[in-house]
Amino acid sequence: EADIYQTPRYLVIGTGKKITLECSQTMGHDKMYWYQQDPGMELHLIHYSYGVNSTEKGDLSSESTVSRIRTEHFPLTLESARPSHTSQYLCASSDLTSRGTIELFFGSGTQLSVL
Amino acid sequence: GDSVTQMEGPVTLSEEAFLTINCTYTATGYPSLFWYVQYPGEGLQLLLKATKADDKGSNKGFEATYRKETTSFHLEKGSVQVSDSAVYFCALSDQYGGSQGNLIFGKGTKLSVKP
């Protein structure tokens, strides 16, 4: 059973506010990810991390930043939110299987609305 | 680079109808293939996977066979239910860590099943 948690589930904020989306996993996975999902459902990888003190930018450029101080925690921060940041944000972690392939486990997501 | 192409939706079916969602891929190396499902308001869940050619993944009545000769991994179910209404994502993982070892997702296919 996957144990990866995101808070809050829904967030409505005004333009210019600083926000942090929380993501935690209890599976001991080294690799974690943030995806942005647009209304058309397509997933865009915006950040990932191989482990503590590792952060990498994904395929889609994002104004958000991430940190990885603890293995289980991978928060995403927007310093100044704008309406263009309105989206669903999905956190995931992965385990390397015995065949050397990766399998992702996802949180339930945070739906962010910036007014 | 590696890529996944899946049929565009939305797909609307009546209950007990047969479902096929097409997925084809382009990859170097020897990818593993996945189908993920996203129910309304939730994150993605792994539905099934196949790690080598001719493998058949199956779960909850869904099946997909890894066809290397046609580079395909089509999702099928013989009799859909209203509860199968969701968005379905095809994905691949390069066994040799291509794309930084991240999953490559298709754009998703929304399925709606009517009673």
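Residues numbered from 1 in each chain as written. Chains lettered and ligands numbered in written order. Predicted model: local features only at pLDDT ≥ 70, side-chain atom pairs only at ≥ 80, totals over all residues. Heavy atoms only, no water.

A. Quick peek at the nonpolar core. With 27 residues, the main nonpolar core has Trp35, Leu47, Leu48, Phe73, Leu75 and Tyr88 of chain B as its most contacted residues. Looking at this core, the elements with two or more residues in it are strand S2 (11-14), strand S3 (19-21), strand S4 (23-26), strand S5 (32-38), strand S6 (44-50), strand S8 (62-65), strand S10 (86-93) and strand S12 (109-114) of chain B. With 4 residues, S10 of chain B is the largest single contributor of residues to this core. Among residues more than four places away in sequence, those in contact with Leu47 of chain B are Trp35, Tyr36, Val37, Asn59, Lys60, Phe62, Leu75 and Tyr88 of chain B. With 19 residues, the next largest nonpolar core counts Tyr35 of chain A together with Tyr36, Phe89 and Leu103 of chain B among its residues. (Core = buried A, V, L, I, M, F, W, Y, C linked by side-chain atoms within 4.5 Å. Buried < 20%, exposed > 50% of the residue type's maximum accessible area, 1.4 Å probe, protein only. Helix = DSSP H or I, 4+ residues; strand = E, 2+ residues; numbered from the N terminus. Contact = heavy atoms within 4.5 Å.)

B. The arrangement of the interface of chain B and chain A in detail. Facing the 24 residues of chain B at the interface are 24 residues of chain A. Both sides of the chain B and chain A interface together cover about 1900 Å² of buried area, and 50% of this is carbon and sulfur. Applying the counting criterion to the chain B and chain A interface returns 1 salt bridge. Ionic pairing is found between Glu103 of chain A and Lys49 of chain B, a salt bridge with its closest N-O pair at 2.8 Å. Across the chain B-chain A interface, the total number found is 6 residue pairs in polar contact (both at pLDDT 80 or more). For the side of chain B that touches chain A, the secondary-structure elements that each account for two or more residues are S5, S6 and S10 of chain B. Looking at the side of chain B that touches chain A, the element that brings in the most residues is S5 of chain B, giving 4 residues. A class-by-class count of the residues in the side of chain B that touches chain A yields 8 nonpolar, 11 polar and 5 charged. (Buried area = accessible area lost by both parts, 1.4 Å probe. Salt bridge = Lys/Arg side-chain N within 4 Å of Asp/Glu carboxyl O. Polar contact = N/O pair within 3.5 Å; in protein donor to acceptor, adjacent residues only side chain to side chain. Nonpolar A, V, L, I, M, F, W, Y, C, P; charged D, E, K, R; others polar.)

C. How the structure looks around the state of the cysteines. Residues and elements named next belong to chain A. Applying the stated criterion across every chain yields a total of 2 disulfides over all chains. Between the sulfur of Cys23 and that of Cys91 lies a disulfide, 1.9 Å long from S to S. The sign of the S-S torsion, about -75°, decides the handedness of the disulfide formed by Cys23 and Cys91: left-handed. One end of the pair, Cys23, is in strand S3 (residues 19-25); the other, Cys91, is in strand S9 (residues 87-96), with 68 residues separating them in the sequence. The buried category is assigned to Cys23, whose relative accessible area is 0%. (Disulfide = S-S within 2.5 Å.)

D. Structural context of unusual backbone geometry. Each neighbour pair has its own omega, and for Thr7 of chain A with Pro8 of chain A the value is -10°, a cis peptide bond. Along the polypeptide, Pro8 of chain A turns up in the loop between strand S1 (4-7) and strand S2 (10-13). Cis rather than trans, the peptide bond between Gly9 of chain B and Pro10 of chain B has omega equal to 0°. Inspection of the secondary structure assignment puts Pro10 of chain B in the loop between strand S1 (3-6) and S2. Look at Glu16 of chain B: it is not a glycine, yet its phi comes out positive at around 80°. With respect to the secondary-structure elements, Glu16 of chain B resides in the loop between S2 and S3. The phi torsion at Asp54 of chain B lies on the positive side, around 75°, for a residue other than glycine. With respect to the element layout, Asp54 of chain B can be found in the loop between S6 and strand S7 (56-59). Since its relative accessible area comes to 56%, Asp54 of chain B is described here as exposed.

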